[in-house]
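# What the coordinates show
Next come the chains, spelled out residue by residue.
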Amino acid sequence: MPRLSEVISELDALWPPEWAEEWDAVGTVCGDPDAEVDRVLFAVDPVQDIADEALRLGAQLIVTHHPLYLRGTTTVAAGTFKGRVVHTLIKHDIALHVAHTNADSADPGVSDALAGALDLRVERPLVPDPTDPRGRRGLGRICTLDHPQTLGEFAARAAARLPATAQGIRLAGDPDTLVRTVAVSGGSGDSLFDAVRAAGADAYLTADLRHHPASEAVQHSSLGLVDAAHWATEWPWCEQAAAQLDAISDRHGWDLRVHVSKQVTDPWTTHHSSGAPN
């Protein structure tokens, strides 16, 4: 079995910490570098349900997309929910490693996995990383459909292909508009509207779209907006990342058992449609 430090070295090669945004908190949160690892669990959120799942599986390592501590803290007391996660992990010798914005900008990255879930053909990054001479890394992706669809049909495709959540899929724009080029960005994406418009996309699939940026976007142009749950747009990365680690394990002869959590850790649990406006 490999040691934790050997597995982390390979994960850092996939998603180098220096690719993360300055405000981000990525890397290993806890874990003994010399501990042996034979089972790994991938998930979006480092919440207690995921820690408990790792314990049931007998996993020695959890890899999540979201950080446990994005900002500083003065306590890991078990009376706090994050402290309880830390206590669970350390008590049971489970390491936690985070790949967040460094995985967003990687090639392949979070948005590649999102595009893959919808069978979109990736053409280029939406916001290229200027340090990448190949022009393949960066935030978001510009994609094309094999066959044009209406905006309504494309939204239905997203609803069918992405994991089910209470939110489902929200659509802004004319559902009969023809869509050929799609911009995608896993996670919160309304800061990228300028890049989406500059790319000439017919539709934009992302998450967490706020009222004012979305309203202004549809007033600017005929751009269609497809808004999914944050968790749902990032969960496909877990499967992609697990496959990458599987390949590394095979190459080294590690025989790791790699799992992807199917637990829905999106915080929204129920949806009620409101009445039609008068």
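Residues numbered from 1 in each chain as written. Predicted model: local features only at pLDDT ≥ 70, side-chain atom pairs only at ≥ 80, totals over all residues. Heavy atoms only, no water.

## Some thoughts on the overall build of the chain
Test applied: Under the DSSP-based scheme used, a helix requires at least four consecutive residues in state H or I and a strand at least two consecutive residues in state E, with every element numbered from the N terminus. A radius of gyration in this sense is built from C-alpha atoms; the matching globule rule multiplies 2.2 Å by the number of residues raised to 0.38. Partly exposed residues are those whose accessible area sits between 20% and 50% of the maximum for their type, while under 20% is buried and over 50% is exposed, using a 1.4 Å probe and protein chains only.
Scanning the chain from N- to C-terminus turns up nine helices and eleven strands. The globule rule puts the C-alpha radius of gyration for 278 residues at 19 Å, and the 19 Å found for the chain is close to it. Based on the C-alpha atoms only, the size of the chain along its principal axes is roughly 55 × 45 × 30 Å. Considering the chain as a whole, with its 278 residues, one finds that 48% of them fall into the buried category.

## Regarding the packing of aromatic side chains
Defined as follows: Centres within 6.5 Å make a pair out of two Phe, Tyr or Trp rings, where for Trp the six-membered ring is used; the pair is then stacked when the planes are under 30 degrees apart, edge-to-face when over 60, and tilted otherwise.
Tallied over the entire structure, the rule returns four aromatic pairs. Where Phe42 meets Trp237, the ring centres are 6.3 Å apart and the plane angle is 75°; that geometry is what we call edge-to-face. One end of the pair, Phe42, is in strand β2 (residues 39-43); the other, Trp237, is in helix α9 (residues 230-252), with 195 residues separating them in the sequence. For Phe42, a relative accessible area of 0% puts it in the buried group. The class of Trp237 is buried, set by a relative accessible area of 0%. A network of ring pairs unites the aromatic residues Trp15, Phe42 and Trp237 as a single cluster.

## What about the sheet that holds strand β5 (residues 121-128)?
This is how the line gets drawn: Two strands are said to pair when DSSP picks up at least two bridges between them. Helix axes use the C-alpha atoms of the stretch in contact, all axes being lines fitted to C-alpha atoms, and the angles between their N-to-C directions lie in the range 0 to 180 degrees. Contact definition: two residues touch when any of their heavy atoms are within 4.5 Å.
The strand order β5-β6-β8-β9-β10-β7 describes an open sheet built from six strands, whose pairing is mixed. Each edge of the sheet is formed by a strand with only one pairing partner; in this case those strands are β5 and β7 (169-172). Direction aside, the axes of adjacent strands within the sheet are offset by 25° on average. As judged from the six bridges shared by β5 and strand β6 (residues 138-150), these two strands associate in the antiparallel manner. The partner of Pro125 across the bridge, within β6, is Arg141. Along the sheet face, helix α6 (residues 151-161) touches β6, β7, β8 (178-188), β9 (203-207) and β10 (224-228) and points at about 120° away from the line of β6.

## Examining the sheet that holds strand β1 (residues 27-30)
The five strands are arranged β1-β4-β3-β2-β11 in an open sheet whose pairing can be described as mixed. With partners counted over all chains shown, the strands left at the sheet margins are β1 and β11 (257-260), one partner each. Taken over all neighbouring pairs, the strand axes of this sheet differ in orientation by 25° on average, direction set aside. One ladder, built from four bridges, connects strand β3 (residues 61-64) with strand β4 (residues 95-98); its direction is parallel. Across the sheet, the residue bridging to Val63 is His97, located in β4. Contacts from α9 reach β2, β3 and β11, with the element oriented near 175° to β11.

## As for the packing of helix α2 (residues 48-57) against helix α3 (residues 81-91)
Quick reminder of the rule: Angles below 35 degrees are treated as roughly parallel, those above 145 as roughly antiparallel, those between 65 and 115 as roughly perpendicular, and all remaining angles as oblique. Amino acids outside the nonpolar list (Ala, Val, Leu, Ile, Met, Phe, Trp, Tyr, Cys, Pro) and the charged list (Asp, Glu, Lys, Arg) are all regarded as polar, and Gly is one of them.
The interhelical angle for the contact between α2 and α3, taken along N-to-C directions, is 10°, at an axis separation of 9 Å. Of the possible angle classes, the one that applies to α2 and α3 is roughly parallel. Of the residues in α3, those in contact with Gln48, Ala51 and Asp52 of α2 are Arg84, Val85, Thr88 and Leu89. In the contact of α2 with α3, the residues fall into three nonpolar, two polar and two charged.

## With respect to the pattern of salt bridges
To be explicit about the condition: Put simply, a salt bridge is a Lys or Arg side-chain nitrogen that is within 4 Å of an Asp or Glu carboxyl oxygen.
Taken as a whole and judged by the stated rule, the model has 14 salt bridges. Salt-bridge contacts for Arg134 lead to Asp107; the nearest nitrogen and oxygen are separated by 3.3 Å. Pair noted here: Arg134 is in the loop between β5 and β6 and Asp107 is in the loop between α4 (101-104) and α5 (110-117), with a separation of 27 residues, a long-range link. Overall, the relative accessible area of 57% leaves Arg134 in the exposed class. Its salt-bridge partner being Arg137, residue Asp132 comes within 3.8 Å of it at the nearest N-O pair. Exposure remark for Arg137: the relative accessible area of 11% places this residue in the buried category. Sharing partners across several salt bridges, the network here consists of Arg3, Glu6 and Asp34.

## Quick look at the environment of His272
Within the secondary structure, His272 sits in the segment after β11. Considering only alpha carbons, one finds His272 and Thr28, 244 residues apart in sequence, at a separation of 39 Å.

## Here's the deal with the nonpolar core
For clarity, the threshold we go by: Throughout, nonpolar core names a set of buried Ala, Val, Leu, Ile, Met, Phe, Trp, Tyr and Cys residues whose side chains join them through atoms within 4.5 Å.
By size, the foremost hydrophobic cluster in this structure holds 48 residues, and its most contacted members are Trp15, Phe42, Leu61, Leu120, Trp237 and Leu245. When residues of this core are assigned to their parent elements, the largest contribution, nine residues, is made by α9.

## Topic: the side chain of Thr233
Spelled out, the test is: In the analysis that follows, any N or O atom pair within 3.5 Å is treated as a polar contact, provided that within protein one partner can donate a hydrogen and the other can accept it, and provided that, for residues neighboring in sequence, both atoms belong to side chains.
Along the chain, the position of Thr233 falls in helix α9. Note on Thr233: relative accessible area 0%, which makes it buried. Within the structure, Thr233 has its side chain in polar contact with the backbone nitrogen of Gly187 (distance 2.8 Å). Not counting chain neighbours up to four residues away, the residues in contact with Thr233 comprise Val110, Leu114, Gly186, Gly187, Thr206, Ala207 and Ala228.

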